[in-house]
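The primary structure of each chain is shown beneath.
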Amino acid sequence: MTVLIAYDGSDDAQAAVEYVARHLRAEPTVIMTVWEPLLTQISWAPLAAAVPVAGRIDEGEQYEEEKQAERLARQGADIAAKAGLSDVAVRAERGGGPVWAAIVDVAEELNASLVVTGSRGLAGARSVILGSVSTRVLHHAHRPVLVVPPPKSDDEG
């Protein structure tokens, strides 16, 4: 079976990758980053009616977004390798809706034995409006989900 780790480049996502490497037995692992063209995000967001769309994103811009997501997924795989995971693949997935839905869909496709996310990511204001990606994955995935909390800071003791 496969462990699927959602990776967005945040400190919490990095902590999730490192946690898996330290605490789970070795299984094939997929580090996944979801990318979405800006117009796709706007089209499904609840506030879409209030956001004017000026222009169109061309294929070159979408290609760059995809390449950026692939680089980000490779960054996560490098962290996994440095932490001791050996069988790691990367996946940059184009989302057609919410990020959590893409994660759940890929987990089903891979028949993942476990889905791992950090507790917070880089979603920012979207997270406030749409809810946490990790919370949505937890409630919609039909398989075990591990939400790794952020590492304690030095100030927290």
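Quick caveat, the model's predicted, so the values are computed rather than measured.

1. Thoughts on the nonpolar core
Then, in step 1: Counting residues in hydrophobic clusters, the biggest one holds 17 residues, and the most contacted among them are Leu4, Met32, Val34, Ile103, Val115 and Val137.
Then, in step 2: Elements supplying a minimum of two residues to this core: β1 (3-6), β2 (29-35) and α4 (99-110).
Then, in step 3: Looking at which element gives the most residues to this core, the answer is α4, with seven residues.
Then, in step 4: In this structure, Ile103 is in contact with Leu4, Ala6, Met32, Val34, Val115, Val133 and Val137, ignoring residues within four places of it in sequence.
Then, in step 5: Core analysis: the second largest hydrophobic core is formed by 16 residues, Ala21, Ile31, Ala77 and Val148 among them.

2. A look at the sheet that holds strand β5 (residues 145-148)
Within a beta sheet, neighbouring strands are joined by backbone hydrogen bonds and run either parallel or antiparallel to one another.
Then, in step 1: The strand order β3-β2-β1-β4-β5 describes an open sheet built from five strands, whose pairing is parallel. Edge positions in the sheet fall to β3 (88-94) and β5, since each has one partner strand and no second. This sheet shows a mean twist of 25° between the axes of neighbouring strands, independent of strand direction.
Then, in step 2: Here four bridges tie β1 to β2, and the two strands are oriented parallel to one another. Its bridge partner being in β2, Val3 is matched across the sheet by Thr29.

3. Let's talk about the confidence of the model for the chain
Then, in step 1: Looking at the chain, pLDDT values average 81 and 74% of them are 70 or higher.
Then, in step 2: The element-level mean pLDDT for the chain is lowest in helix α5 (residues 125-130), coming to 46, with β1 highest at 96.
Then, in step 3: pLDDT under 50 marks residues 47-57. Its contacts with residues more than four places away, or in other chains, come to 13 contacts.

4. Looking at α4
Then, in step 1: Helix length check: α4, at twelve residues, gives a terminal C-alpha distance of 17 Å against a target of 16 Å (1.5 Å per residue), a fit within 8%.
Then, in step 2: All of the buried residues in α4 are Val99, Trp100, Ala102, Ile103, Val104, Val106 and Ala107.
Then, in step 3: Once α4 finishes, Asn111 follows within two positions and takes phi at roughly 50°, a positive value.

5. With respect to the pattern of salt bridges
Then, in step 1: Following the criterion strictly, the structure yields five salt bridges and no others.
Then, in step 2: Two residues, Lys67 and Glu70, come together in a salt bridge whose shortest N-O distance is 3.0 Å. Linking Lys67 with Glu70, this pair stays in helix α3 (residues 59-82), spanning three residues, or about one helical turn.
Then, in step 3: In this structure, Arg91 engages Glu109 in a salt bridge whose closest nitrogen and oxygen atoms are separated by 3.0 Å. A residue pair is termed long-range when its members are at least 10 positions apart, and Arg91 in strand β3 and Glu109 in helix α4 qualify at 18 residues.
Then, in step 4: We classify Arg91 as buried; its relative accessible area is 18%.
Then, in step 5: Here the salt bridges do not stand alone but share partners, grouping Arg91, Glu93 and Glu109 into one network.

Quick notes on the rules
Residues numbered from 1 in each chain as written. Predicted model: local features only at pLDDT ≥ 70, side-chain atom pairs only at ≥ 80, totals over all residues. Heavy atoms only, no water. Core = buried A, V, L, I, M, F, W, Y, C linked by side-chain atoms within 4.5 Å. Buried < 20%, exposed > 50% of the residue type's maximum accessible area, 1.4 Å probe, protein only. Helix = DSSP H or I, 4+ residues; strand = E, 2+ residues; numbered from the N terminus. Contact = heavy atoms within 4.5 Å. Pairing = 2+ DSSP bridges. Axes fitted to C-alpha atoms, helices over the stretch in contact; angles between N-to-C directions. pLDDT = per-residue confidence, 0-100. Expected span 1.5 Å × (residues − 1). Salt bridge = Lys/Arg side-chain N within 4 Å of Asp/Glu carboxyl O.

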